[in-house]
Amino acid sequence: MKDVKIEVNNLSLYYGEKQALKDISLQIPRNKVTALIGPSGCGKSTFLRSINRMNDLIPSVRITGEMLVEGVDIYDKNVDVVNIRKKIGMVFQKSNPFPKSIYENIAYGPKINGLKNKAELDEIVERSLRQAAIWDEVKDRLDDSAMGLSGGQQQRLCIARTLAVNPDIILMDEPASALDPISTSKIEELVHELKDNYTIIIVTHSMQQAARTSDFTAFFYLGELIEMGKTKNIFTKPEKKQTEDYITGRFG
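Throughout what follows, the structure given in this document is the object of discussion. Fair warning: this is a prediction, and the values are worked out from it, not measured in the lab.

Definitions and cut-offs
- Residues numbered from 1 in each chain as written.
- Predicted model: local features only at pLDDT ≥ 70, side-chain atom pairs only at ≥ 80, totals over all residues.
- Heavy atoms only, no water.
- 1 Å grid on protein atoms, 1.4 Å probe; cavity = no way out; pocket = protein on both sides within 12 Å on 5 of 7 lines; lining within 4 Å.
- Points joined across faces, edges and corners; volume = space filled by probe spheres on them.
- Helix = DSSP H or I, 4+ residues; strand = E, 2+ residues; numbered from the N terminus.
- Nonpolar A, V, L, I, M, F, W, Y, C, P; charged D, E, K, R; others polar.
- Pairing = 2+ DSSP bridges.
- Axes fitted to C-alpha atoms, helices over the stretch in contact; angles between N-to-C directions.
- Contact = heavy atoms within 4.5 Å.
- Buried < 20%, exposed > 50% of the residue type's maximum accessible area, 1.4 Å probe, protein only.
- Polar contact = N/O pair within 3.5 Å; in protein donor to acceptor, adjacent residues only side chain to side chain.
- Parallel < 35°, antiparallel > 145°, perpendicular 65-115°, else oblique.
- Left-handed = near helix turned anticlockwise from the far one by under 90°.

Some points on the layout of surface pockets
The computed volume of the largest pocket comes to approximately 610 Å³. Together, 25 residues line the largest pocket, and Arg 85, Met 90, Phe 98, Arg 161 and Val 165 are the ones closest to its centre. Of all the secondary-structure elements, those providing two or more residues to the lining of the largest pocket are helix H2 (81-87), strand S6 (88-91), helix H3 (102-112) and helix H6 (151-163). In terms of residue count, H3 provides more of the lining of the largest pocket than any other element does, six residues in total. Looking at the lining of the largest pocket, its residues break down into 15 nonpolar, seven polar and three charged. Empty space within the second largest pocket amounts to approximately 190 Å³. Counting residues per element, the ones that place at least two in the lining of the second largest pocket are strand S2 (18-29) and helix H1 (44-50). Here the lining of the second largest pocket gets four residues from one element, more than from any other, and that element is S2. A per-class count over the lining of the second largest pocket returns five nonpolar, eight polar and four charged.

What to know about the sheet that holds S2
What the four strands build is an open sheet, ordered S2-S1-S4-S5; its pairing is antiparallel. Strands at the two margins of the open sheet, each flanked by one partner only, are S2 and strand S5 (72-73). Here strand S1 (residues 4-15) runs beside strand S4 (residues 61-69); their pairing, made up of eight bridges, is antiparallel. The residue of S4 that forms the bridge with Val 8 is Met 67.

What to know about the environment of Pro 59
One can find Pro 59 in the loop between H1 and S4. Taking the C-alpha atoms as reference points, Pro 59 and Gly 16, 43 residues apart in sequence, are found 8.8 Å from one another.

Observations concerning the sheet that holds strand S10 (residues 224-230)
Spatially, six strands are ordered S6-S7-S8-S3-S9-S10 in an open sheet, and the strand pairing comes out mixed. The sheet is open, and its two borders are formed by S6 and S10, each paired with just one other strand. Between one strand axis and the next, the sheet turns through 15° on average, direction left out of account. The pairing of strand S3 (residues 33-37) with strand S9 (residues 216-221) spans four bridges and is parallel. Bridging from a neighbouring strand, Ile 37 pairs with Phe 219 of S9. Strand contacts of H6: S6 and strand S7 (169-173), with the helix running at about 170° to S6, the strand carrying the most contacts.

Section: the side chain of Asp 173
Structurally, the position occupied by Asp 173 is in strand S7. Assessed through its relative accessible area of 5%, Asp 173 is described here as buried. A distance of 3.0 Å separates the side chain of Asp 173 from the side chain of Ser 45, its partner in a polar contact. Leave out the neighbours within four places in its chain, and Asp 173 touches Ser 45, Leu 48, Arg 49, Met 90, Val 91, Phe 92, Gln 93 and Val 203.

Some words on the side chain of Arg 156
In this fold, Arg 156 is placed in helix H6. Looking at Arg 156, its side chain comes within polar contact range of the side chain of Glu 137, at 2.8 Å. The residues touching Arg 156, leaving out its near neighbours within four places in the chain, are Ala 132, Ala 133, Ile 134, Glu 137, Lys 186, Ile 187 and Leu 190.

Observations concerning the packing of helix H4 (residues 118-131) against H6
At a closest axis distance of 8 Å, the pairing of H4 and H6 adopts a crossing angle of 130°. When the axis of H4 is compared with that of H6, the two are oblique. Here H4 runs over H6; the crossing is right-handed. Contacts between H4 and H6 involve Ser 128, Leu 129 and Gln 131 from the first element and Leu 157, Ala 160 and Leu 163 from the second. When grouped by side-chain class, the residues that make up the contact of H4 with H6 number four nonpolar, two polar and no charged.

A few points about the environment of Val 165
Its place among the elements puts Val 165 in the loop between H6 and S7. Measuring from C-alpha to C-alpha, the distance between Val 165 and Ile 106 comes to 8.9 Å, with 59 residues separating the pair along the chain. Discounting chain neighbours no more than four positions away, the residues touching Val 165 are Lys 86, Gly 109, Pro 110 and Asn 113.

What follows is the structure, given as structure tokens:
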């Protein structure tokens, strides 16, 4: 199916003896926003991190099944993990700007990838900050420390930093949970704009946020994928009782 960006088949993940993901199979469409919802500890973030192999960094992790990105199984032993992470950007719950200037935060990734040309770096910095809807707020202070920005600005800066290395897929782990309502709505608007060019997967605790920002929603519970579908269907006529109970607030 040409519109599928990521196809997951029977993916299970274990931390030592504990199984955190149980036989997950789903398809994530390209250039759409897919929200992962479910109560704390149900496997949403673990699944998100499996998409760019961040769980590899935990010694006791074992993964079975396959995760196909553009038809390539990213868990195949011949796959270059560095290349995967270049193509799959990650934005965390807590903004984590580097203790450097705003400019250097954005230029860092392209420089590591070997880009030295100042004019090209300038162009990438401006483009990324514009895409992240923060250029107008910072264009006159690019040499100032990123640490002086507000929480919401720092999070948009981190999104710009992710965009600077030209990913295909952007993973967002509760990107607005630490932000005030105004900053949250800016992040949500941004997510909406970015999906024209990127496939976005967002973990959120907020049902309202999932309903507002996503095209598709996947409901996880106790390490299992209970149901996935178009967001409006999941929120108005879910097929599974567990999904309905969670969405209507009966548990979780």
